[in-house]
Every structure is written in structure tokens, then in C-alpha cells.
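Chain by chain, the residues:
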Amino acid sequence: MKLYYAPGACSLAPHIVAREAGLDVALDRIAFGAERKTESGRDFYDINPQGAVPTLELDTGEVLTENAVVMQYLAAQAPQAGLAPGEGMAHWRLLETLNFIATELHKGFSPLFRNPADDVRETIFATLRNRFALLERKLGDKTYLLGDTFSIADAYAFVMMTWARKFKLNLGDQPKLEAYFQRILARPAVQQALKAEGLSLS
Ligand SMILES: N[C@@H](CCC(=O)N[C@@H](CS)C(=O)NCC(=O)O)C(=O)O
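Residues numbered from 1 in each chain as written. Predicted model: local features only at pLDDT ≥ 70, side-chain atom pairs only at ≥ 80, totals over all residues. Heavy atoms only, no water.

Caption draft 1: Local environment of the sheet that holds strand β2 (residues 26-29). With mixed pairing, four strands are arranged side by side in an open sheet as β2-β1-β3-β4. Of all the strands in the sheet, just β2 and β4 (63-65) have a single pairing partner and so form its edges. Strand-to-strand twist in this sheet, taken as the mean axis angle between neighbours without regard to direction, amounts to 25°. (Pairing = 2+ DSSP bridges. Helix = DSSP H or I, 4+ residues; strand = E, 2+ residues; numbered from the N terminus. Axes fitted to C-alpha atoms, helices over the stretch in contact; angles between N-to-C directions.)

As C-alpha cells, then:
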């Protein structure tokens, strides 16, 4: 399998998942620009017409997109890693949480990457602060979003919290989220993924 990624983009989440799962996934870096080439020299639009990461190319040549789906696919290749509960209420909580992160956080951030005017940015920040407060409520006193065990939802939430740092969105009044961030940051698979993408966080 090959994961098309851009450093620090939402593709960091399936990258972490692949390492947590111990899967053999090759990486191919995308340079975002008008041309949008892969590091291996292909036109990325030929692989994914949306030009978006994450994009997962399977060994069959099939291409899978959409972060929440790519992560579930990767987790399913290594069920022993327990990254995505497939049964009972935990399964529905996982899907609920992935959808919340995708639609309320991930897509909430998207306009910030287009350098909005200050007043627009403040409005986006206010909404995101509210969504992070909701994420903190979902976390509660648990170690991870679904309980004691790290799941693909935590990988996704972690990347959103790295974006909060990048855009200097102060989450200082949410100490549980900060402790949760540090817990995920300390995981060896997360450290390996950050290093492979040339990122350093603290
Ligand atoms: N719906 C897609 C969206 C992915 C997405 O927004 N990817 C961003 C990086 S975080 C991207 O590739 N942006 C480049 C672009 O859309 O031109 C998903 O959930 O995977």
C-alpha cells in the first residue's frame, strides 16, 4: 500500500494509524501547488482527481480516499491492534466521533488555510473553540476518546490539535485536552510519524 500525504496535513492521522497498526505502508509526498506532483514524479490528479490527501493506493491499484474511511480501512488490516472497535456501542461511538471530527473540526479549519481576513478568522476561531470544548466533553475523564484504548479517532483528533497550535488557537482553558494531546504525542508511533514527515512538536 502507498499513502499519499503532505507533511502535517490531515493525512498525518492515517500515517499514525498505519504505524500504530504495524502495517507496511509506503509514503509518497505531495507538493501542493498548481501542478500537484507526487514525490515519485506522477501527476497527483491522475491518482485522485480531487487532488486531496490522504489518498491510499492499495496493492491491487485501487485508490481509496476520505480520511475517516482510509483510517478504518487501515485499522481493518490489523484488527489485532484494536484501533477501531467493530461491534457494540463502541463501534457507533467511533463513527459518531469520526464524523464529528471530520465535519465540525477538520472542515472548520479549512478556511484558515486560505488566509482569511482578521474578522473572518476570529469568527472561525470562536466556532472552533466551541467545537474543541465539545471534544473535551466527549473525552471527559477518559484516557482516549473511546475509553482506555487508543483508536483512529484519537489519531484524527490529535492532528486537529496540532492545527490549533499551528494557527495559535488558544486552548489554554481546556487543560484536559492539553493533557490528552501530550499523551498522544508521547506514543512511539506518533513520534515516528512526525519524524518521517519532518515535523517537530512539543
Ligand atoms: N474530504 C477529504 C478532505 C481532505 C482534505 O481536506 N485534505 C486537504 C489536506 S488536510 C487537502 O488535500 N487539501 C488540498 C486541496 O484540497 O487542494 C477527506 O476527509 O479526506
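Caption draft 2: Looking closely at the domain arrangement of the chain. Once the domains are mapped, the chain shows domain 1 (2-80 + 192-196) and domain 2 (83-187). Computed over C-alpha atoms only, the centres of domain 1 and domain 2 are separated by 20 Å. With 15 residues of domain 1 at the interface, the matching set in domain 2 holds 14 residues. Between domain 1 and domain 2 the total buried area reaches about 1300 Å² when both faces are included, carbon and sulfur atoms providing 78% of it. On the surface where domain 1 and domain 2 come into contact, there are one salt bridge. The partner of arginine 187 in a salt bridge is glutamate 20, and the shortest N-O contact between them spans 2.7 Å. Of all the secondary structure elements, the ones that give two or more residues to the side of domain 1 that touches domain 2 are α1 (12-21) and α3 (67-77). (Domains from an automatic or database assignment. Contact = heavy atoms within 4.5 Å. Buried area = accessible area lost by both parts, 1.4 Å probe. Salt bridge = Lys/Arg side-chain N within 4 Å of Asp/Glu carboxyl O.)

Caption draft 3: Quick look at helix α7 (residues 175-185). Among all positions of α7, only Leu177, Tyr180, Phe181, Ile184 and Leu185 are buried. Seen end-on, α7 carries its buried residues on one side only, within an arc spanning 135°. For α7, the elements touching its buried residues are α5 (118-139), α6 (152-166) and α8 (188-196). (Buried < 20%, exposed > 50% of the residue type's maximum accessible area, 1.4 Å probe, protein only. Arc of directions from axis to C-beta.)

Caption draft 4: Molecular detail of the pattern of salt bridges. Within the structure shown, the criterion is met by eight salt bridges. Between aspartate 28 and lysine 2 there is a salt bridge whose closest N-O contact spans 3.1 Å. One end of the pair, aspartate 28, is in strand β2; the other, lysine 2, is in strand β1 (residues 2-5), and 26 residues separate them in sequence. Exposure remark for aspartate 28: the relative accessible area of 2% places this residue in the buried category. The exposure class assigned to lysine 2 is partly exposed, which follows from its relative accessible area of 21%. A salt bridge links arginine 165 to glutamate 178; the shortest N-O distance between them is 3.0 Å. Here arginine 165 is found in helix α6, whereas its partner glutamate 178 is found in helix α7, with 13 residues between them in sequence. On the accessibility criterion, arginine 165 (30% relative accessible area) is partly exposed. Residue glutamate 178 is classed as partly exposed on the basis of its relative accessible area, which comes to 34%.

Caption draft 5: The pairing of β1, seen in detail. Two elements, β1 and β2, share four bridges in a ladder whose sense is parallel. Looking at β2, one finds that tyrosine 4 is bridged to aspartate 28. Chirality of the crossover, the property in question, places the unit of β1, α1 and β2 among those that are right-handed. Sheet topology places β1 next to strand β3 (residues 55-57); three bridges connect them, and they run antiparallel. Each bridged residue has a counterpart across the sheet, and for leucine 3 the counterpart in β3 is leucine 56. (Right-handed = clockwise from strand over helix to strand, strands pointing away.)

Caption draft 6: Representation of the packing of aromatic side chains in the model. The tally for this structure, following the rule as stated, stands at eight aromatic pairs. Plain terms: the ring middles of tyrosine 4 and phenylalanine 44 are 5.6 Å apart, the flat faces sit at 40° to each other, and that makes the pair tilted. Of the two residues, tyrosine 4 sits in strand β1 while phenylalanine 44 sits in helix α2 (residues 44-47), which places them 40 residues apart along the sequence. With relative accessibility at 0%, the residue tyrosine 4 sits in the buried group. Relative to tryptophan 163, the ring of phenylalanine 113 lies with its centre 5.0 Å away and its plane at 75°, an arrangement referred to as edge-to-face. Linking phenylalanine 113 in the loop between α4 (88-109) and α5 with tryptophan 163 in helix α6, this pair joins segments that are 50 residues apart in sequence. Residue class for phenylalanine 113 comes out partly exposed when judged on its relative accessible area of 42%. (Phe/Tyr/Trp six-rings, centres within 6.5 Å; stacked < 30°, edge-to-face > 60°.)

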